[in-house]
Structure formats: C-alpha cells, structure tokens
Amino acid sequence: MQKKMPIGVSDFKQLREKNYYFVDKTDFIRQLIDNHSAVTLITRPRRFGKTLTMSMLKYFFSIQQESVSKKLFAGLAIERAGANYQQERGQYPVIFLSLKDFSMNSWAEMLEGWRDFLAGLFLEHTVVRDAKRVQPELIERFQKLAEGKADAVAMSSSLALLMRMMHQYYRRPVLVLIDEYDAPIQQAWSKGFYDPCITFLRQFLSSALKDNPDLDFAVLTGVLRVAKESIFSGLNNFDVCTVLGETYADVFGFTAEEVTKMAKDMQMEAALPKIQRWYDGYRFGQKDIYNPWSVVNFFRYHELADYWVNTSGNVIIQALLSHDSREQDTALLSLLHGETVTAAIREGVIYEDIERDNDTLFTMLLTTGYLTTVSKQRGISGLLCDLVIPNREVRDVYRAEIIDRVKSGLSAAHLEKMMMDLLNGQAKAFSDGLSKYLRYYISAFDTANKESFYHGLLLGMTALLVPTYVVDSNRESGLGRFDLAIFPKDTKKAGVIMEFKVADSENELKTKAAEALAQIESRQYITEFHKHGITNVWKYGIAFFGKQVCILG
C-alpha cells in the first residue's frame, strides 16, 4: 500500500504516526550534534521543508517529548548513526516557535498578534512556574505574558525570560528553534511598517541569542538573511548557511536520488524526466535540488502544475519588478528565454535598499528561489554569479508577472491577439493593436527617442510566447545583428524577425520603417532561421515616434 503524501503536514509527530511518506532528513540531527554553532541561520526559499525539519529537531532533542521520540525516529538515519547520537535524544529543554503566520496589515495589528502569539507560547510551558526551582519574581512576569497583559517592552524581552526560567527549571541551558524568523519583517516591509517591526525583532532576538548563558544553541530558518547590522548586530559565533554555501546543502529540498526513490516507491519512474524539467534546477552549494513542495504535490495528484508559485502572492518578485530598471527589464526577459545573467550578489539584505539599490534585485531573486546559480566566482565587487531561472514552474511565474506588467490598462486578450497577428503575418492588424497599446501604456517621457525602450517593450510582450517559441535579441545573423527574432520550436510554423528604428518626426515614420525592412533583407538576417530549418519567416520593419508607430512587412 502506497503511503500518503504529506501535503500541508508540518508536524513531524503527525507525519510519522499517521504513516505519511517521509524523505529521511534525520542525518541533519547528526550534523548538528557534531558541528553546531552557538547560533545557526539557514536561509532557503519558502515551501522547502523548513517548518517540518524544525519540528523534527524539536521532537528529537526535547525533554518534553522524550517519552514519544524513540518511536518517532525508529528505523531512520539518526537511529542508525549509533548510540552516541541516541544519547542526545530527549535531553534538552527546547523552545520552538514558528513566525510564518504573521500576516498583519499594520504595526498595531502585528503587536497584538505578538501578544497573542507569546501568550500561547508561555501557556505551552506553564510547568516552569515552579517557585521551588525558579526565581519567584520571574513568575509574575511570566504570568502577565501568559495572560496577554504584557506591554511591548516586556514582549520584546520575553524569549530571554522564558529561556531563563526553563534553564532554572530543567537545570540545563535551552535549545532555541525559530522557524521563518523573517516572515514578520517581510510582511512589515510590504505593508509599510518596517521600522517598528525591525526594532522589536532586534530586541526580541538579541536579548535571547547574544551572550546569553541560558542558551545552549539555536537554529533559525528563514527566506532571507537580513543584514547583521539591522537585526543581528553584535551577535557572536553566528553561522549563516545560505543557498550559496555548502553547509547543510541537501537538508532542505529533495536530491535527485531522493526523487528517484520516491518515483520508484510510487511506481511512477516514467515521469522522472518531466519532474526534472518542472521542479529540478536549484543549486544549493554544490548540490542539485528539487522543489520538495511541488514534487510531493505531483506524486499526490499525478499532474504537472505550478504548485509552488501558487502558494503565495509572489509579493517579493512583484515589488522588485516594480522598482527595477530598464536594463534589468531586459535581463529578466532574457532569463525568461533561457539565458543567464551575471550579477554581484550581496547576501546580507537590508530591506530599505530594495527601492534605492538595483543590485539588491538579483540577490533577492536568488535567495527567494526565483533564480539559481550555474557558476560563481569572487570579483572586485564581491561574489559574481551566473544566474538562471531554475525550471519550468518558476518560468511560469516570470511569464505571468511580466505579462501583467506590459499589458497595462488593456486586457490579456488584447495583448494575445496582437501577438497572434504578429505571428500570422498580419502587419496592419498588429500595427493597429500596437498603436492602441502605446496610447495606453506610454508616457512622453518614456518614449523620448529611445530605441532601447521600444525594444524592451516588444521583448516583454514575447513572454506570451513561452514555451512554444524561442526569442533572441541582438544576435548575430547573416551580415549583422537583428533586433528581435522569434523562432518557433515547431519548424513548420512561421518565424518572425523585427528591426526597429526611431523617427525624428511623424512624417519620417514610413521612411524609417522602410529602412528597417530593407536592412533585414540587405544584411540577410534570415540566415539564422535557415540554420534552424525554418523556411517561412515574417519580416517587419518597425518605426516609432513617441506614441505613434508604423509597421511595414
């Protein structure tokens, strides 16, 4: 009998007791026992198994769970690792908190959310309210937090308080597990109350993790490494394990071997090539990694679909795309068509930089899982990485977001009809559609005789054609470089080649369009199509002046 896929199951005990399919990641426990730092932060994209893995750590290490944990880990890698590691099971007072559900719309709402969250946390640990073991004055502070009556100052130091009381009660320092530590920060940034949130969280974390004798060690997970200067200032022995590092590279996400085993267990080995195209492609350190959320959903529903990209509103990519430059627009569109971009990566993110520092864009896209590395090297400005879109599923979200941007006030149907006219050689219909689009989309400032602007605009529209067509921009062919070419993957279909010109006046539009069309012929731009076995090619000379366009074909 096949096991159920653990979709939405983030509690390790529930997963094991209800016999869900489990990809054994318990060797992570051995690695932590052998070589943990005082504080370890591991950053990975959302839905890569962070909460389940942290829950696994809780059940293994926790004194509170010792009575049930032996059965939960029976037959797994950590049990096979030997008696020395089993001696660590159930030996630590553990505080486990997940901050992933902080989705409030204002700081006042979030502060109330913290009050309720901390009350629940303290009620989980009422056993430490023991005056024989714990300082009585601490119990009064505990009670206010448990009743939801503490002020913001008390809440900001509450984690340190709970650690002190647990240390006194259990007679040994505490293991702290914080899942999705940066989720409140992301929400605060997107909703406009970043400053008070970062101030609160800085105190909440530093009072607990910085030079604290009540701490044995801590593990934090998140999507982003928020800059040390803004939240982890002064923290000693702080180990950050990002998607670029080798440490714990295969803990979050599935390796190729693990996916192959899943396919064999589910009797679906024939689907492996498709699974790879859709959900593989991530590179964590030197490890090839599949998106675990999407793989699990595929084996549950037996259907290829965009599972990961539909689990949130893609707030980060939307915000970043809204602030990027025209140069980055072109780079992102090139990525959509399978090319690489080279970027300087700075892993310590300060959210304020997003709107004023364009270099932050690619760092954020890499860290959040929308890009991955194919190579990296040290450069003068830091770490230089060649980046690509990892797989078909992520390419779909770029396509959707880019289309949403370029369609402006018009419908997607209008944009789609315009592109179909282009592909079918309907120059007049395409010209009419593009003219209407320019009137909706373009400002006079944008169109100040910049051929690169129009070029980028048309390139953006080709996002509709992925994955049926391949688009090339500024590529050598024949005796020169064409502006934009569309190659059908089905060579029986027609290709498209476009050359752009910018006119100095409305009266010059037709002349410039004719020049562009003649250039396609004289420089033999269709040579590249013939190399691909494509014999039917629509040729368009396109001239722009402000919001006006002339197309000859």
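Engineer: I'm lost on the overall build of the chain in this one. Help?
Structural biologist: Across its full length, the chain holds 25 helices and 16 strands. Within the chain, contacts between residues separated by at least 24 positions form 73% of all contacts whose residues are at least 6 apart in sequence. As displayed, the chain offers around 23,900 Å² of accessible surface, 46% of which is attributable to carbon and sulfur atoms.

Engineer: Help me out: how do you make sense of the sheet that holds strand 9 (residues 341–345) in this one?
Structural biologist: Strands pair in a sheet through their backbones, by hydrogen bonds, and they do so in one of two ways: parallel or antiparallel. Sheet architecture is open: 3 strands sit in the order 9-11-10, paired in antiparallel fashion. What marks the edges here is a single partner per strand, and that holds for strand 9 and strand 10 (372–379). Here the average twist between neighbouring strands, direction ignored, is 30°. Across 7 bridges, strand 10 lies against strand 11 (residues 382–388) in antiparallel orientation. Residue pairing across strands places Gly 379 opposite Gly 382, the latter belonging to strand 11. The strands touched by helix 19 (residues 360–367) are strand 9, strand 10 and strand 11; relative to strand 9, the strand with the most contacts, the crossing angle is about 95°.

Engineer: Would you explain the pairing of strand 8 (residues 287–290) in this entry?
Structural biologist: Within a regular beta strand, the side chains point alternately toward one face of the sheet and then the other, so they alternate between its two faces. In terms of strand pairing, strand 6 (residues 254–255) meets strand 8 through 2 bridges, oriented antiparallel. Across the sheet, residue Thr 255 finds its bridge partner in strand 8, namely Ile 289. By the bridge criterion, 3 bridges tie strand 7 (residues 282–284) to strand 8 in an arrangement that is antiparallel. Bridging across to strand 8, Phe 284 finds its partner in Lys 287.

Engineer: Can you help me understand helix 8 (residues 136–146) in this one?
Structural biologist: A turn of α-helix holds 3.6 residues, and therefore any two residues three or four places apart point the same way. Buried within helix 8 are the following residues: Leu 138, Ile 139, Phe 142, Leu 145 and Ala 146. What you see down the axis of helix 8 is that its buried residues fit within an arc of 120°, all on one side. Exposed positions of helix 8 whose direction lies more than 90 degrees from the buried face are Pro 136 and Glu 140. At the C-terminal side of helix 8, Gly 148 shows a positive phi close to 70°.

Engineer: Got a minute to help me understand the nonpolar core in this structure?
Structural biologist: Buried together is how nonpolar side chains tend to be arranged in soluble globular proteins. Core analysis: the largest hydrophobic core is formed by 86 residues, its most contacted members being Phe 299, Phe 362, Tyr 398, Leu 434 and Met 498. The element contributing the most residues to this core is helix 23 (residues 451–461), with 6 residues. Those residues in contact with Met 498, other than ones at most four positions away along the chain, are Leu 422, Leu 458, Asp 483, Leu 484, Ile 486, Ile 520, Tyr 540 and Ile 542. Grouped together as the second largest cluster of nonpolar side chains are 55 residues, Leu 97, Met 155, Met 166 and Tyr 181 included.

Engineer: Would you mind going over the sheet that holds strand 12 (residues 469–477) with me for this structure?
Structural biologist: The strand order across the open sheet formed by 5 strands is 12-13-14-15-16, and the pairing between neighbours is mixed. A strand with exactly one partner marks an edge of an open sheet, and here the two such strands are strand 12 and strand 16 (548–552). Looking at each pair of strands side by side, their axes are set apart by 25° on average, direction ignored. When strand 14 (residues 495–502) meets strand 15 (residues 537–545), the two strands line up parallel, connected through 8 bridges. Note on strand 15: the bridge partner recorded for Gly 495 is Val 537. In the packing of helix 21 (residues 412–423) onto the sheet, contacts are made with strand 12, strand 13 (480–488), strand 14 and strand 15, and the angle to strand 15 comes to roughly 125°.

Engineer: Explain unusual backbone geometry here, please?
Structural biologist: If a residue is not glycine, its phi is most likely negative; likewise, a peptide bond is most likely trans. Notably, Asn 19 is not glycine yet its phi reads approximately 60°, a positive angle. Along the chain, Asn 19 turns up in the loop between helix 1 (12–17) and helix 2 (27–35). Using a relative accessible area of 42% as the deciding quantity, one classes Asn 19 as partly exposed. Positive phi, close to 55°, is recorded for Gln 267, a residue that is not glycine. In this fold, Gln 267 is placed in the loop between helix 14 (256–265) and helix 15 (272–279). The class for Gln 267 is exposed, based on a relative accessible area of 70%.

Engineer: Quick question: what am I supposed to make of the pattern of salt bridges here?
Structural biologist: Opposite charge on two side chains lets them pair, provided their charged atoms get close. Taken as a whole, this structure holds 17 salt bridges when the rule is applied. Here Arg 164 and Asp 214 are joined by a salt bridge, their closest N and O atoms 2.8 Å apart. Here the residue Arg 164 occupies a position in helix 10 (residues 158–170), and Asp 214 occupies one in the loop between helix 12 (194–209) and strand 4 (215–222), the gap between them amounting to 50 residues. Residue Glu 521 pairs with Lys 539 through a salt bridge whose shortest N-O separation is 2.8 Å.

Engineer: Just to check I follow, could you spell out the packing of aromatic side chains for this structure?
Structural biologist: Both the distance between ring centres and the angle between the ring planes are used here to describe each pair of aromatic rings. Tallying each qualifying case throughout the model produces 33 aromatic pairs. Plain terms: the ring middles of Phe 28 and Tyr 248 are 5.0 Å apart, the flat faces sit at 75° to each other, and that makes the pair edge-to-face. Placement of the pair is Phe 28 in helix 2 and Tyr 248 in the loop between strand 5 (238–241) and strand 6, with a sequence separation of 220 residues. Relative to Phe 117, the ring of Phe 102 lies with its centre 5.4 Å away and its plane at 65°, an arrangement referred to as edge-to-face. Here Phe 102 is found in the loop between strand 2 (94–98) and helix 7 (107–123), whereas its partner Phe 117 is found in helix 7, with 15 residues between them in sequence. Owing to a relative accessible area of 6%, Phe 102 belongs among the buried residues under this scheme. Residue classification places Phe 117 among the partly exposed positions, given a relative accessible area of 23%. The rings of Phe 12, Phe 22, Phe 60, Phe 61, Phe 73, Tyr 92 and Phe 217 are connected pair by pair, giving a single aromatic cluster. Across from the ring centre of Tyr 169, 4.6 Å away, lies the NZ or CZ of Arg 133, which sits over that ring.

Parameters at a glance
Residues numbered from 1 in each chain as written. Predicted model: local features only at pLDDT ≥ 70, side-chain atom pairs only at ≥ 80, totals over all residues. Heavy atoms only, no water. Helix = DSSP H or I, 4+ residues; strand = E, 2+ residues; numbered from the N terminus. Contact = heavy atoms within 4.5 Å. Areas by Shrake-Rupley, 256 points an atom, 1.4 Å probe, with all protein chains shown as cover. Pairing = 2+ DSSP bridges. Axes fitted to C-alpha atoms, helices over the stretch in contact; angles between N-to-C directions. Buried < 20%, exposed > 50% of the residue type's maximum accessible area, 1.4 Å probe, protein only. Arc of directions from axis to C-beta. Core = buried A, V, L, I, M, F, W, Y, C linked by side-chain atoms within 4.5 Å. Salt bridge = Lys/Arg side-chain N within 4 Å of Asp/Glu carboxyl O. Phe/Tyr/Trp six-rings, centres within 6.5 Å; stacked < 30°, edge-to-face > 60°. Lys NZ or Arg CZ within 6 Å of the ring centre and 35° of its normal.

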